[in-house]
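Residue strings, one per chain:
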Amino acid sequence: MAALRLTALALVLGCVLAVDHSNFKTCEESSFCKRNRALPKNQSPWSVDASTLTSTATSISVDLKSSAEPGAALVLKVTALKGNVARVYINDKSPRVPRHEVQGVIENHEEIPLQVSQEEGTIKLQLGGDNAVVIGLSPFRLHFVHKNSVVMAANNEGLLNFERHREKAADENWGEEYKSHADTRPLGPASVGIDITFFDSEHVYGIPEHASSYALKSTKNTDPYRLYNLDVFEYDLDNPMALYGSIPYMVSHAKDRTAGMLFLNAAEMWIDIHSSTDTDNAGVIGHLRNLFGNKANEKPETHTHWMAESGVIDLYFLLGPQPEDVSLQYAQ
């Protein structure tokens, strides 16, 4: 009888203390997340206009053009930083209004010389030592190389998205509502998004704060991980919903190296994660494939998709190669 009472009490307390999910947005209820998540993979409209390439001793700048929006142009800037770090900055070349950029967080980071060379279809940036960035021209993509092995890539799945401020069409409604909250969005949609691939890595870690496992789980059949500062006392475990802090920093660890990435953007953000070795949602065939492998030389990859409500794309790629190196690169 005592056991039954305890069970009943636990059930009652569970109902009382459980989080009310209806008070917190899902990706489906967040218009910018829904738009970015619906983008088709491997159909990127963005390419590099190599004729606009300019360089300094420590950086290069070049325009990105979109086949889906003729006349639109983004500016890409890649800078070599001391300590095996590469900065990638993407912004509207001719914005109607200035876009928000995070200030006062990363300052006075020492730049180092880079060497620029062009081959058919690529621009190669030698960052010093064993590190390089290879820019694919059409479609646009970035490969980060350490000792001739690709460690990370940006826009490898073609999910770069940059919603530019524009004039409102007569039949458009830019407003958005959630419960009693209304956002008129007078400047219109302005989200940004990009995919980042971590090679030779089955797991990624970071993007606190979430009540999830240390190795972040696949979001294939769930909402993306949300970064948005909230005070959620009765939070659920193993859930990608946002909690008390938002740090858009992710690390991957492979057998021979560690790498990381920081997305310097203060807006609300959602992050999808999917590994080539995912088995939790892969079904019987997927389990067998991952157990026995399709090829002897098959290597894992972890694909992530970063979606922010506004701002610019300002990425810091931390090339390690060891865990302590990535920690130092992030701390600096």
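Residues numbered from 1 in each chain as written. Predicted model: local features only at pLDDT ≥ 70, side-chain atom pairs only at ≥ 80, totals over all residues. Heavy atoms only, no water.

Caption draft 1: Molecular detail of the overall build of the protein chain. Counting its regular elements, the protein chain contains four helices and 20 strands. Looking at the protein chain residue by residue over its 332 residues, the buried ones come to 45%. A separation of at least 24 residues holds for 66% of the contacts in the protein chain among residues at least 6 apart in sequence. A total accessible area of about 17400 Å² is found for the protein chain, and carbon and sulfur atoms account for 52% of it. (Helix = DSSP H or I, 4+ residues; strand = E, 2+ residues; numbered from the N terminus. Buried < 20%, exposed > 50% of the residue type's maximum accessible area, 1.4 Å probe, protein only. Contact = heavy atoms within 4.5 Å. Areas by Shrake-Rupley, 256 points an atom, 1.4 Å probe, with all protein chains shown as cover.)

Caption draft 2: Spatial organisation of the pairing of strand β13 (residues 192-199). Of all eight residues making up β13, eight are buried, and the element is well covered by its neighbours. The two faces of β13 match: V192, I194, I196 and F198 on one face and G193, D195, T197 and F199 on the other face are all buried. The sheet contact formed by strand β9 (residues 149-154) and β13 spans three bridges and is antiparallel. Note that in β13 the partner of M152 across the bridge is F198. For strand β10 (residues 161-162) and β13, the ladder comprises two bridges, and the chain directions are antiparallel. Its bridge partner being in β13, F162 is matched across the sheet by V192. (Pairing = 2+ DSSP bridges.)

Caption draft 3: Layout of a nonpolar patch on the surface. Together, F233, Y235, L237 and Y244 make up a nonpolar patch on the protein surface, roughly 480 Å² of accessible area in all. By secondary structure assignment, the location of Y244 is in the loop between β15 (225-227) and β16 (249-253). (Patch = residues over 30% accessible without salt bridge, like charges linked within 9 Å, V, L, I, M, F, W, Y side chains within 5 Å. Salt bridge = Lys/Arg side-chain N within 4 Å of Asp/Glu carboxyl O.)

Caption draft 4: Quick look at unusual backbone geometry. Backbone torsion omega between S138 and P139 reads 0°, so that peptide bond is classified as cis. Mapped onto the elements, P139 comes out in the loop between β7 (131-136) and β8 (141-146). Of the consecutive residues P208 and E209, the connecting peptide bond is found in the cis state with omega at 15°. In this structure, E209 sits in the loop between β14 (204-206) and β15. With phi around 60°, N155 is a residue other than glycine that occupies positive phi space.

Caption draft 5: Structural view of the sheet that holds strand β4 (residues 85-92). Spatial strand order, β1-β2-β3-β4-β20-β17-β16-β14: eight strands in an open sheet with antiparallel pairing. What marks the edges here is a single partner per strand, and that holds for β1 (46-55) and β14. Going across the sheet, the axis of each strand differs from the next one's by a mean of 20°, ignoring polarity. Two elements, strand β2 (residues 59-66) and strand β3 (residues 73-81), share seven bridges in a ladder whose sense is antiparallel. Looking at β3, one finds that I60 is bridged to V78. Sheet strands in contact with helix α4 (residues 323-331) are β4, β16, β17 (258-263) and β20 (313-318), and its direction is about 20° off that of β17. (Axes fitted to C-alpha atoms, helices over the stretch in contact; angles between N-to-C directions.)

Caption draft 6: Geometry of the nonpolar core. With 49 residues, the main nonpolar core has I90, I135, F140 and F144 as its most contacted residues. In this structure I135 touches V48, I60, L76, V78, G121, T122, I123, L125, F140, R141 and L142, once residues within four positions along its chain are discounted. In this structure, L81, Y249, L264 and L318 belong to the second largest nonpolar core, which totals nine residues. (Core = buried A, V, L, I, M, F, W, Y, C linked by side-chain atoms within 4.5 Å.)

Caption draft 7: Structural detail: the pattern of salt bridges. Applying the stated criterion across every chain, the model contains 15 salt bridges. Across the salt bridge formed by K25 and E176, the nearest N and O atoms sit 3.8 Å from each other. Here K25, found in the loop between α1 (2-17) and α2 (31-37), pairs with E176, found in strand β11 (residues 176-178); they are 151 residues apart in sequence, far enough to count as distant. A relative accessible area of 15% means that E176 is categorised as buried.

Caption draft 8: Spotlight on the state of the cysteines. The final tally for this structure, using the stated rule, is one disulfide. In this model, C27 is linked to C33 through a disulfide, with the two sulfur atoms separated by 2.0 Å. As the torsion about the S-S bond is roughly -100°, the C27-C33 disulfide counts as left-handed. When sorted by exposure, C27 lands in the same class as C33, which is buried. (Disulfide = S-S within 2.5 Å.)

Caption draft 9: Layout of the environment of E107. Looking at the secondary structure, you find E107 in the loop between β4 and β5 (115-119). The class for E107 is exposed, based on a relative accessible area of 53%.

Caption draft 10: Molecular detail of the pairing of β4. Counted residue by residue, β4 has seven buried out of eight residues, so it is predominantly covered. Note that β3 and β4 share eight bridges and pair antiparallel. Bridging across to β4, L74 finds its partner in D92. Where β3 folds back onto β4 in an antiparallel hairpin, the turn is made up of three residues, including G83, whose phi is positive at roughly 90°.

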